[in-house]
Amino acid sequence: MSGTEELIEAARGAMANAHAPYSRFAVGAAVRLTDGRIVTGCNFENASYGLSLCAETVALATVNAQGRMADVEAIAVVGGAMGADGSIAGDAIVTPCGRCRQIMNEAEQMAGRTLAIYCAAPDGVAVVQHSVAELLPHAFGPVDLGVNPGKS
């Protein structure tokens, strides 16, 4: 299994833990660090919809809590509608929402490297790779505020 396949499989595994009783749309994310370690996250909905957390945000916040933002290398995102039995299937590729794209831009600037963003279908067949710049052109981030990436 390649490193990309392993990363996507980790996102798929995280998707199975999504707490999505309202939207019934599960998303898993996996972040690969420069040492090969993978950190995962899944969406976590809340009855007060605006308080819900996206999988990508959960995974990157976990990386940040471990003091590893500068080590982010790649991110995989997998998502799909949940069946009545909780299963997640389908062949549609999901891309990050606008908020997550902004969070990924922050991670990329703080890491000081271009991040590979892999978006995959739940069935594991279709995968596309994007850059943060493709997903969020003309992004606003730390550099715009005079913050030197990788430095506090």
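About the thresholds
- Residues numbered from 1 in each chain as written.
- Predicted model: local features only at pLDDT ≥ 70, side-chain atom pairs only at ≥ 80, totals over all residues.
- Heavy atoms only, no water.
- Core = buried A, V, L, I, M, F, W, Y, C linked by side-chain atoms within 4.5 Å.
- Buried < 20%, exposed > 50% of the residue type's maximum accessible area, 1.4 Å probe, protein only.
- Helix = DSSP H or I, 4+ residues; strand = E, 2+ residues; numbered from the N terminus.
- Contact = heavy atoms within 4.5 Å.
- Polar contact = N/O pair within 3.5 Å; in protein donor to acceptor, adjacent residues only side chain to side chain.
- Disulfide = S-S within 2.5 Å.
- 1 Å grid on protein atoms, 1.4 Å probe; cavity = no way out; pocket = protein on both sides within 12 Å on 5 of 7 lines; lining within 4 Å.
- Points joined across faces, edges and corners; volume = space filled by probe spheres on them.
- Nonpolar A, V, L, I, M, F, W, Y, C, P; charged D, E, K, R; others polar.

**Q** An account of the nonpolar core is requested, with residue identities and associated values reported.
**A** In terms of nonpolar packing, the biggest core is built from 20 residues, with Val 31, Val 72, Ile 75 and Ile 117 touching the most fellow members. For this core, the secondary-structure elements that each account for two or more residues are β1 (25–33), α2 (55–65), β3 (72–81), α3 (98–111), β4 (116–120) and α4 (132–135). When near neighbours in sequence (up to four residues on either side) are disregarded, Val 72 contacts Val 31, Arg 32, Leu 33, Leu 60, Val 63, Ala 111, Arg 113 and Leu 115. Membership of the second largest hydrophobic core comes to 16 residues, among which are Met 15, Ala 30, Val 78 and Tyr 118.

**Q** Can you explain the side chain of Glu 45? Please cite residues and give values.
**A** In this fold, Glu 45 is placed in the loop between β2 (38–42) and α2. Of the polar contacts made by the side chain of Glu 45, one reaches the backbone nitrogen of Tyr 22; its length is 3.0 Å. The residues touching Glu 45, leaving out its near neighbours within four places in the chain, are His 19, Ala 20, Pro 21, Tyr 22, Ser 23, Phe 25 and Ser 52.

**Q** Please provide a residue-by-residue account of the state of the cysteines, values included.
**A** Under the counting rule described, the total for this entry stands at zero disulfides. Not engaged in a disulfide, the cysteine Cys 42 finds its nearest cysteine sulfur in Cys 54; these two sulfurs lie 11 Å apart. For Cys 42, a relative accessible area of 16% gives the class buried. Its sulfur unpaired, Cys 119 is 11 Å from the next cysteine sulfur, which belongs to Cys 100.

**Q** Got a sec to walk through the layout of surface pockets? Specific residues and values, please.
**A** In this model, the largest pocket occupies a volume close to 180 Å³. Lining the largest pocket are eleven residues, with Asn 64, Met 69, Glu 106, Ala 107 and Met 110 sitting closest to its centre. Counting only elements with at least two residues in the lining of the largest pocket, the list comes to α2 and α3. Split into classes, the residues belonging to the lining of the largest pocket amount to seven nonpolar, three polar and one charged.

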